[in-house]
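The chain contents come next:
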Amino acid sequence: MQNSFITDAINLKSYNLSESDKIIVMYSKEKGLIRGVAKGVKKPKSKLGARMDLLVANTLMLHKGRNLDTICQAEVVNSFYKTRQDIDKICYSMYVTEVVHNFGIEEDPCSETIYNLLYKTLNTISSAETKVDILLAVIKFQLKMMIESGFSLELDKCLCCGETVKNETMYFVPSLGGIICKDCATRHTYHKKQLPYKLRDFFKQMSINDFDEKGEYEQKANEKVCIVTFEALKEYIAMKSPKKFKTTDILQEIPTT
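Residues numbered from 1 in each chain as written. Predicted model: local features only at pLDDT ≥ 70, side-chain atom pairs only at ≥ 80, totals over all residues. Heavy atoms only, no water.

Describing empty space enclosed by the protein
Working step 1: Within this structure, the stated rule accounts for 1 cavity of 30 Å³ or more.
Working step 2: By volume, the largest cavity is sized at about 40 Å³.
Working step 3: Secondary structure elements with two or more residues in the lining of the largest cavity: strand 8 (193-195), helix 5 (197-208) and helix 7 (223-240).
Working step 4: Looking at the lining of the largest cavity, the element that brings in the most residues is strand 8, giving 3 residues.
Working step 5: The class makeup of the residues in the lining of the largest cavity is 6 nonpolar, 1 polar and 1 charged. (1 Å grid on protein atoms, 1.4 Å probe; cavity = no way out; pocket = protein on both sides within 12 Å on 5 of 7 lines; lining within 4 Å. Points joined across faces, edges and corners; volume = space filled by probe spheres on them. Helix = DSSP H or I, 4+ residues; strand = E, 2+ residues; numbered from the N terminus. Nonpolar A, V, L, I, M, F, W, Y, C, P; charged D, E, K, R; others polar.)

Considering the state of the cysteines
Working step 1: Per the counting criterion, the structure on display carries 0 disulfides.
Working step 2: Summary of cysteine pairing: cysteine 158 is not part of a disulfide, and the nearest cysteine sulfur, belonging to cysteine 161, is at 3.7 Å.
Working step 3: On the basis of relative accessibility, which here comes to 4%, the residue cysteine 158 falls in the buried class. (Disulfide = S-S within 2.5 Å. Buried < 20%, exposed > 50% of the residue type's maximum accessible area, 1.4 Å probe, protein only.)

Just geometry here; none of it tells us what the structure is for.
Here's what the structure looks like:
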């Protein structure tokens, strides 16, 4: 079929199209952000059925259309089923997919890298044993996704005076995308968060390490440190996002220990 193509894709969002059809928004390995019509998916005997649920990775065959492609076949690669048994995992997974939805583009030249990052993150969240493990996966995703999107953080030099900041207290300024030194913090009225140098080094290590690595700072990280880091990055990402986030309101409702 010349007008058909096959790709791996993860379901991000869905919209009702008719009584029986849905539009599924996906991030694909080869083409970045794609949208496809899942015909008859709301019918009880649909062949697509649960394969079109959110947070499912599929190998798909799609038929190219003038405006929207049609999903012809879907074979589940990973349903991340352990995620569906835990409210924390669901909420953080939905946040991660929303980041990809907001920053992803069609025919994305970084599609394979971003797809693999999203897949690893969702898989790591799904198999996580603790809240800290979930947060570590999400923090790594946040940092790496911003690097891929061209919004990497400056964590070595003060963004006001340009001086290298070493083992001293500094401040993270989301609107600037990095740190400022203690002296500049007293002279400027930026919205800022105090950042001990060890927490800055934690940021740096997480941006470099793969999901399978656990460096010194990760091994020592507790839930409080992870939440502070996640919230700082969430604020920065929201500032850079071309679309407003919806899942962040839900995340505020998750109790912390």
